[in-house]
Amino acid sequence: MDIITSSEEMNIGYLGPPGTYSEQAASFYLNWIKGNQEFKGEVILRPCPTIAKALQAVTVQEVNLAVVPVENSIEGSVSMTMDNLWQLENLQIKQALVLPINHCLISCATKLEDIEIVYSHPQALAQCQGWLGKFLPQANLSATSSTTQALEKLGKSPTTAAISSEKAAQMYDLPILSDRINDYPDNCTRFWVVAPESGGGSSSSSSTHTSLAFSVPANIPGALVKVLQVFADLGINLSRIESRPTKRSLGEYLFFLDIEASVFSSLMTTALKNISINVEILKIFGSYTVLTVDSDKIK
Ligand SMILES: O=C(O)C(=O)Cc1ccccc1
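Cut-offs used in this document
- Residues numbered from 1 in each chain as written.
- Predicted model: local features only at pLDDT ≥ 70, side-chain atom pairs only at ≥ 80, totals over all residues.
- Heavy atoms only, no water.
- Axes fitted to C-alpha atoms, helices over the stretch in contact; angles between N-to-C directions.
- Helix = DSSP H or I, 4+ residues; strand = E, 2+ residues; numbered from the N terminus.
- Parallel < 35°, antiparallel > 145°, perpendicular 65-115°, else oblique.
- Left-handed = near helix turned anticlockwise from the far one by under 90°.
- Contact = heavy atoms within 4.5 Å.
- UniProt positions renumbered as here; feature names shortened; annotations may be inferred.
- Core = buried A, V, L, I, M, F, W, Y, C linked by side-chain atoms within 4.5 Å.
- Buried < 20%, exposed > 50% of the residue type's maximum accessible area, 1.4 Å probe, protein only.
- Near = heavy atom within 4 Å.
- Polar contact = N/O pair within 3.5 Å; in protein donor to acceptor, adjacent residues only side chain to side chain.
- Areas by Shrake-Rupley, 256 points an atom, 1.4 Å probe, with all protein chains shown as cover.
- Nonpolar A, V, L, I, M, F, W, Y, C, P; charged D, E, K, R; others polar.
- Pairing = 2+ DSSP bridges.

### Let's talk about the packing of helix α8 (residues 223–233) against helix α9 (residues 266–275)
Thinking step 1. Between α8 and α9, whose axes approach to 9 Å, the crossing angle comes to 160°. Between α8 and α9, the angle is such that the two are roughly antiparallel. Pair α8 / α9 crosses with right-handed handedness. The residues of α9 that touch α8, namely those facing Val227, Val230 and Phe231, are Met268, Ala271, Asn274 and Ile275.

Right, here's the structure in full:
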């Protein structure tokens, strides 16, 4: 892995305010790069109001890196991340991090029956929708830009609640009314560490995964299968396929692939050459390794 080493200071953007799951991921990464002694200067975490702004901050070099959520085991893709990676130029994924996510219901209410409104990030609300339906059927759900932005809306009201982490509850000095409220216990989110293509050096040849996205030249039968067949024929495993609308016209899609191979492998060189005639625009987001983080490593 290559990290920018020329500067004394490294700034890492993430979806804030402080206390979000994205901050946990960014903070783990900060400690990891310090522990691996790949960067000796000061590392500063910079909260951004949205995922889009965190990624834009990388493109305009306001920050050196951004740590953004990309996929959750219960709710699936974070479309804001996918769409911005496609739209913004010169971004490169340097690393993937998988973090366990344990949601708590945080509120000054004394009983669940008193709660009228629950605030949180749409991903968190979705990851707890079964629990919310069962234990808070009366409550209205309200989306906020992050789980800690939800905490800022709470105040001391006895009729409002937010979904956020245990760490965030401690940070904002708010009580936890219920713990582990996500619908599946092994809830986890994958984050990407994103750098500028030019500033971060090239990806390491030890990378194990590659992410890319493409559009197809025409909406014709077999347009997608021709691309997928190339990977199948070469025995390259795909770990994710996702479609997103091109936003140009209804029914027209971009396809995002996560591939279990390094972009530097000879098989991938062949695959990229072979898919080139079947794709319209191809964007390679980077090659990287995946770090799975234990809950006791999250501060
Ligand atoms: O709002 C946050 O805390 C985030 O970092 C986004 C998010 C929300 C829910 C699960 C994982 C990431």
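### Concerning the UniProt feature "domain: ACT" (unreviewed entry) in the protein chain
Thinking step 1. Cross-referencing UniProt, the feature "domain: ACT" (unreviewed entry) maps to residues 212–287 in the present numbering.
Thinking step 2. Helix and strand shares over residues 212–287 are 28% and 33% respectively, and the end C-alpha atoms of the span are 9 Å apart.

### Quick word on the nonpolar core
Thinking step 1. One finds Leu55, Val68 and Trp192 to be the most contacted residues of the largest nonpolar core, which totals 26 residues.
Thinking step 2. Among the nonpolar cores identified, the runner-up in size contains 22 residues, and Met10, Ala26, Leu65 and Val293 belong to it.

### Digging into the environment of Leu105
Thinking step 1. Inspection of the secondary structure puts Leu105 in strand β6 (residues 104–107).
Thinking step 2. Here Leu105 falls in the buried class, since its relative accessible area comes to 0%.
Thinking step 3. Taking the C-alpha atoms as reference, Leu105 lies 14 Å from Lys153; in sequence the two are 48 residues apart.

### Concerning the site of the ligand
Thinking step 1. Around the ligand, the structure places Leu15, Thr20, Tyr21, Ser22, His121, Gln123, Ala124, Gln127, Ser146, Thr147 and Thr189.
Thinking step 2. Between the ligand and the protein, one listed contact pairs an oxygen atom with a backbone N or O atom of Tyr21 at 3.0 Å.
Thinking step 3. At 2.5 Å from an oxygen atom of the ligand is found a side-chain nitrogen or oxygen belonging to Thr147.
Thinking step 4. In isolation the ligand exposes 320 Å². Once the protein is present, 99% of that is buried.
Thinking step 5. Among the secondary structure elements, those contributing two or more residues to the shell around the ligand are α1 (21–35) and α4 (122–127).
Thinking step 6. It is α4 that contributes the most residues to the shell around the ligand, three residues altogether.
Thinking step 7. For the shell around the ligand, the per-class residue count stands at three nonpolar, eight polar and no charged.

### Quick look at the sheet that holds strand β7 (residues 117–120)
Thinking step 1. If you trace the five strands from one edge of the open sheet to the other, you get β8-β7-β9-β6-β10, paired in mixed fashion. At either end of the open sheet lies a strand with only one pairing partner, and these are β8 (140–143) and β10 (176–178). When strand polarity is set aside, the average angle formed by the axes of neighbouring strands in this sheet is 35°.
Thinking step 2. Where helix α6 (residues 147–154) meets the sheet, its contacts fall on β6, β7 and β9 (160–164), and the angle it forms with β9 comes to roughly 160°.

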